[in-house]
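Examination of the molecular architecture
Okay, here's what each chain looks like letter by letter:
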Amino acid sequence: MQLVINGESFEAADESSIAILVTMLQLDQQRLAIEVNGEIVPRGLWSERRLVTADRVEIVRAIGGG
Amino acid sequence: MTQAEPQHFPSDVLTIAGRSYRSRLLVGSGKYKDLEETRLATEASGAEIITVAIRRMNIGQKPGEPSLLDVLPPDRYTILPNTAGCYTADDAVRTCRLARELLDGHKLVKLEVLGDAKTLFPDVVATLIAAEELVKEGFDVMVYTSDDPILAKRLEEIGCVAVMPLAAPIGSGLGIQNRYNILTIIENAKVPIIVDAGVGTASDAAIAMELGCDGVLMNTAIAEAKNPVLMASAMKHAIIAGREARLAGRMPRRRYASASSPLDGTIA
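Notes on the structure follow. (Residues numbered from 1 in each chain as written. Chains lettered and ligands numbered in written order. Predicted model: local features only at pLDDT ≥ 70, side-chain atom pairs only at ≥ 80, totals over all residues. Heavy atoms only, no water.)

**Topic: the overall build of chain B**
- Per the secondary structure count, chain B includes nine helices and ten strands.
- At 20 Å, chain B has a C-alpha radius of gyration in line with the 18 Å of a compact globule built from 268 residues.
- If you line up chain B on its principal axes, its C-alpha atoms span 85 × 40 × 35 Å.
- Buried positions account for 49% of the 268 residues belonging to chain B.
- Contacts spanning at least 24 positions in sequence make up 66% of the contacts within chain B whose residues lie at least 6 apart.
- A total accessible area of about 13,200 Å² is found for chain B, and carbon and sulfur atoms account for 52% of it.
- Positive and negative side-chain charges in chain B, numbering 29 and 33 respectively, have mean positions lying 3 Å apart. (Helix = DSSP H or I, 4+ residues; strand = E, 2+ residues; numbered from the N terminus. Rg over C-alpha atoms; globule rule 2.2 N^0.38 Å. Buried < 20%, exposed > 50% of the residue type's maximum accessible area, 1.4 Å probe, protein only. Contact = heavy atoms within 4.5 Å. Areas by Shrake-Rupley, 256 points an atom, 1.4 Å probe, with all protein chains shown as cover. Lys, Arg positive; Asp, Glu negative; His and termini not counted. Charge placed at Lys NZ, Arg CZ, Asp CG, Glu CD.)

Now the structure itself:
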């Protein structure tokens, strides 16, 4: 399925959960927050929440800033 | 590194949203040349509250590459997410929600809504709107604002836990531009007033504390010094010096001289 991740097109296996996506992107060790279609999906629900084609995913983390 | 501690007022702590801190220096984590410099400068500063920005993950990042929160662990520091780069109240609110999720429900946030890319002055109208929404959603809001005393009071009344007037534009290093406004804000405030933005060197920080600020937040002043680790230490000392001077109660200014040595017994 085609997703949009952080504004970029991305191909992922159908029915992937957020947890699977995070693992696929090798982001397991990072502290992240994730939005799907404008709504935050809490970490506790990443395994349950399945993504569908055209979902817009935002994955953010903390970086240096003032 | 010397561990300068306030000698006479061991209970002089900074309390924000019910939590107490010994350091009145708050620092940002941006503009350093690398994470190691970030770590060293932050340690040298003695700061306990560190601001971070919230940004999209770099999807191509190699796994195992250290990230900011590896060098500034949330169990060691109070991580204060900011809404840097937000020009609308909606973006700022959304960023705070993401930050709260990222930090396991921690609700202390630094709100800034910018009005203009050149001066980075706050859009105070959008700031008020965002502050109101965030307070309603249960956030503890430390709010970056202009040095307008009426606005500062409004933000406090809305329920912000700290008000942070700028000294001068972000990254300008110009120091406090309007002492009297900062003084008025302090006089009227029931929440901590933390000067944020525009500090350039140690004396700027000391002056802020002498005016009666509860703390100072800075980033560029340290990160863009030629020796950031040394400047971080300078700032730590400046904050302590300014605070002790404030608590000590300075001498009055005089129009004319007042001799320090007695006249009695002068040889003739």
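**Some thoughts on the interface of chain A and chain B**
- The partner chain B presents 30 residues to the 24 residues of chain A that form the contact.
- Taking both partners together, chain A and chain B bury about 2,500 Å²; carbon and sulfur atoms supply 56% of that area.
- By the criterion of area lost to chain B, the three top residues of chain A are Arg31(A), Arg61(A) and Gly66(A), representing 25% of everything that side buries.
- At the boundary of chain A and chain B, one finds four salt bridges.
- Between Arg94(B) and Glu35(A) there is a salt bridge, and its shortest N-O distance comes to 2.7 Å.
- Seen at the junction of chain A and chain B, the total is 17 residue pairs in polar contact (both at pLDDT 80 or more). (Buried area = accessible area lost by both parts, 1.4 Å probe. Salt bridge = Lys/Arg side-chain N within 4 Å of Asp/Glu carboxyl O. Polar contact = N/O pair within 3.5 Å; in protein donor to acceptor, adjacent residues only side chain to side chain.)

**Let's talk about helix 3 (residues 89–102) of chain B**
Residue and element names in this part refer to chain B.
- Here helix 3 spans 20 Å end to end across 14 residues, near enough to the 20 Å set by a 1.5 Å rise per residue.
- Within the span of helix 3, buried status applies to Ala 89, Ala 92, Val 93, Thr 95, Cys 96, Leu 98, Ala 99, Glu 101 and Leu 102.
- Positive backbone phi, at 55°, marks Asp 104, one or two positions downstream of helix 3. (Expected span 1.5 Å × (residues − 1).)

**Things to note about unusual backbone geometry**
- Phi at Glu15(A) is positive, roughly 65°, even though this residue is not glycine.
- Within the element layout of this structure, Glu15(A) appears in the loop between strand 2 (8–11) and helix 1 (18–24).
- The backbone of Asp104(B) shows a phi angle near 55°, a positive value even though the residue is not glycine.
- Mapped onto the secondary structure, Asp104(B) falls in the loop between helix 3 and strand 6 (108–111).

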